[in-house]
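Here are the chains, one letter per residue:
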Amino acid sequence: MSKNVGVIGLGAMGSGMAGSLRRAGFDTAVFDIRTEVAQAFAKDGGTACASLAELGARSDVIVSVVVNAAQTESVLFGADGCAASMKRGSVFVMCSTVDPNWSIALEARLAALGILYVDAPISGGAAKAASGQMTMMTAATPQAYAKAGDMLDAMAAKVYRLGDKAGAGSKVKIINQLLAGVHIAAAAEAMALGLREGVDADALYEVITHSAGNSWMFENRMAHVLAADYTPLSAVDIFVKDLGLVLDVARASKFPLPLSSTAHQMFMQASTAGFAREDDSAVIKIFPGIELPKKKT
């Protein structure tokens with residue numbers, strides 16, 4: 001089996017995933033609209049492609065790590081999209097958080113071109129992506145798994161195979177994002193109340209992270225608040241988008257999601273207040289009358 005793989009999008013997750021593939025011995029080509037980022041990756045091995053069409057022509061498997069469905073549509077079917085140059089029988093692995101129905105439709109659209117498809121949203125953050133320890137929530141035909149399975153395993157510690165057709169992976173990711181968004185919003189609310197009540201922020205963090213009220217999101221994101229570091233590993237607007245998708249899916253089946261709705265409004269408020277591109281922990285900035293920790297010197 002050929003080992004030619006292409007990665008589109010070298011952001012916080014994609015750069016780590018491409019590095020994992022390269023370490024595993026795959027001939028890894030990359031494309032990013034920031035040409036200097038792609039070229040920097042290739043200095044340590046691999047190929048920086050000048051166009052999506054070039055990437056499509058040389059790759060047996062393409063892993064797309066862009067933000068959303070619109071960007072995925074663009075890299076496939078837009079001007080210089082890779083779908084036109086991909087070989088019949090090659091595989092497109094879609095790692096974005098999208099509407100499951102859109103993912104189902106994309107599988108059919110690619111099948112008409114002779115291209116196999118893996119519905120493969122990801123989770124775990126940049127550090128786990130860089131170490132090959134992230135989680136992939138996948139659904140694909142046996143043929144697609146046969147061609148891309150070893151590459152999936154090179155990128156993730158956990159590759160969940162959730163079905164033999166697209167949709168199941170994206171549905172599970174939607175549910176994961178429901179929990180992630182609600183947990184971040186709840187963590188911010190709890191820390192904000194503690195600050196308002198005059199509790200020492202570091203002491204509160206220490207106690208909660210060793211108590212039953214802790215969550216992974218509290219432990220991870222409130223550390224950003226304590227450090228006063230809102231560098232966007234995952235931005236506020238990501239959860240405006242992702243919780244919006246959660247609500248869209250639930251609305252289609254008339255299923256109530258009161259906590260998700262409230263969390264979505266909190267991220268919307270943070271976005272419109274000017275924090276859209278800050279780390280999602282910046283949702284804490286919507287609470288009035290609190291003094292947030294400042295960077296320690």
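Residues numbered from 1 in each chain as written. Predicted model: local features only at pLDDT ≥ 70, side-chain atom pairs only at ≥ 80, totals over all residues. Heavy atoms only, no water.

A.B. asks: A description of the nonpolar core should follow, citing residues and the corresponding values.
C.D. replies: Generally speaking, a soluble globular protein has its nonpolar side chains buried in company with each other. One finds Met191, Met222, Phe267, Val283 and Ile284 to be the most contacted residues of the largest nonpolar core, which totals 38 residues. Those elements that provide at least two residues to this core are α8 (168-196), α9 (201-208), α10 (216-226), α11 (236-252) and α12 (258-275). The element contributing the most residues to this core is α8, with ten residues. Residues in contact with Ile284, not counting those within four places in the same chain, are Ala188, Met191, Ala192, Val225, Tyr230, Ile290 and Leu292. Of all hydrophobic cores here, the second largest spans 32 residues; its members include Val5, Val30, Cys95 and Met155. (Core = buried A, V, L, I, M, F, W, Y, C linked by side-chain atoms within 4.5 Å. Buried < 20%, exposed > 50% of the residue type's maximum accessible area, 1.4 Å probe, protein only. Helix = DSSP H or I, 4+ residues; strand = E, 2+ residues; numbered from the N terminus. Contact = heavy atoms within 4.5 Å.)

A.B. asks: Talk me through the side chain of Thr138; I want residue IDs and the actual numbers.
C.D. replies: Mapped onto the fold, Thr138 is located in strand β8 (residues 134-140). There is a polar contact of 2.7 Å between the side chain of Thr138 and the backbone oxygen of Tyr160. With near-sequence residues (within four places) excluded, Thr138 lies in contact with Val118, Asp119, Ala120, Tyr145, Leu152, Val159, Tyr160, Arg161, Leu162, Gly163 and Gly169. (Polar contact = N/O pair within 3.5 Å; in protein donor to acceptor, adjacent residues only side chain to side chain.)

A.B. asks: Go over the packing of helix α1 (residues 14-23) against helix α7 (residues 142-155) with me, naming the residues and quoting the values.
C.D. replies: Two elements in contact, α1 and α7, have axes whose closest approach is 8 Å; the angle formed by their N-to-C orientations is 115°. With respect to the hand of their crossing, α1 and α7 are arranged in right-handed fashion. Of the residues in α7, those in contact with Met17, Ser20 and Leu21 of α1 are Met151, Ala154 and Met155. Its residues assigned to classes, the contact of α1 with α7 shows five nonpolar, one polar and no charged. (Axes fitted to C-alpha atoms, helices over the stretch in contact; angles between N-to-C directions. Left-handed = near helix turned anticlockwise from the far one by under 90°. Nonpolar A, V, L, I, M, F, W, Y, C, P; charged D, E, K, R; others polar.)

A.B. asks: Go over the pattern of salt bridges with me, naming the residues and quoting the values.
C.D. replies: The full count for this structure, using the stated rule, is ten salt bridges. A salt bridge links Glu73 to Arg109; its shortest N-O distance comes to 2.5 Å. You can see Glu73 sitting in helix α4 (residues 69-77) and its partner Arg109 sitting in helix α5 (residues 100-111), a full 36 residues away along the chain. Here Lys241 and Asp242 are joined by a salt bridge, their closest N and O atoms 2.5 Å apart. Across the pair, Asp242 and Lys241 agree in class, each one buried. (Salt bridge = Lys/Arg side-chain N within 4 Å of Asp/Glu carboxyl O.)

A.B. asks: Summarise the layout of surface pockets; cite the residues concerned and give the values.
C.D. replies: The computed volume of the largest pocket comes to approximately 1500 Å³. Along its surface, the largest pocket is lined by 50 residues, and Ala12, Met13, Leu233, Ser234 and Ile238 are the ones closest to its centre. The set of elements that each furnish at least two residues to the lining of the largest pocket consists of α4, β7 (122-123), α6 (125-130), β8, α8, α10 and α11. The dominant element in the lining of the largest pocket, judged by the number of residues it contributes, is α8, at six residues. Of the residues that constitute the lining of the largest pocket, the class distribution is 24 nonpolar, 18 polar and eight charged. Counted as a void, the second largest pocket has a volume near 150 Å³. Every residue lining the second largest pocket is listed: Lys171, Ile174, Ile175, Leu178, Val246, Val249, Ala250, Ser253, Phe255 and Leu257. At four residues, the largest contribution of residues to the lining of the second largest pocket is made by α8. Here the residues of the lining of the second largest pocket sort into eight nonpolar, one polar and one charged. (1 Å grid on protein atoms, 1.4 Å probe; cavity = no way out; pocket = protein on both sides within 12 Å on 5 of 7 lines; lining within 4 Å. Points joined across faces, edges and corners; volume = space filled by probe spheres on them.)

A.B. asks: Please provide a residue-by-residue account of a nonpolar patch on the surface, values included.
C.D. replies: On the surface, Tyr160, Leu162 and Val172 cluster together into a nonpolar patch covering about 250 Å² of accessible area. Its place among the elements puts Leu162 in the loop between β9 (156-161) and α8. (Patch = residues over 30% accessible without salt bridge, like charges linked within 9 Å, V, L, I, M, F, W, Y side chains within 5 Å. Areas by Shrake-Rupley, 256 points an atom, 1.4 Å probe, with all protein chains shown as cover.)

A.B. asks: Lay out unusual backbone geometry with the relevant residues and their values.
C.D. replies: One non-glycine residue, Ala228, lies in positive phi territory at about 55°. With respect to the element layout, Ala228 can be found in the loop between α10 and α11. The backbone of Lys254 sits at a positive phi, close to 55°, despite the residue not being glycine. Inspection of the secondary structure assignment puts Lys254 in the loop between α11 and α12. According to the relative accessible area criterion, Lys254 is exposed, its value standing at 77%.

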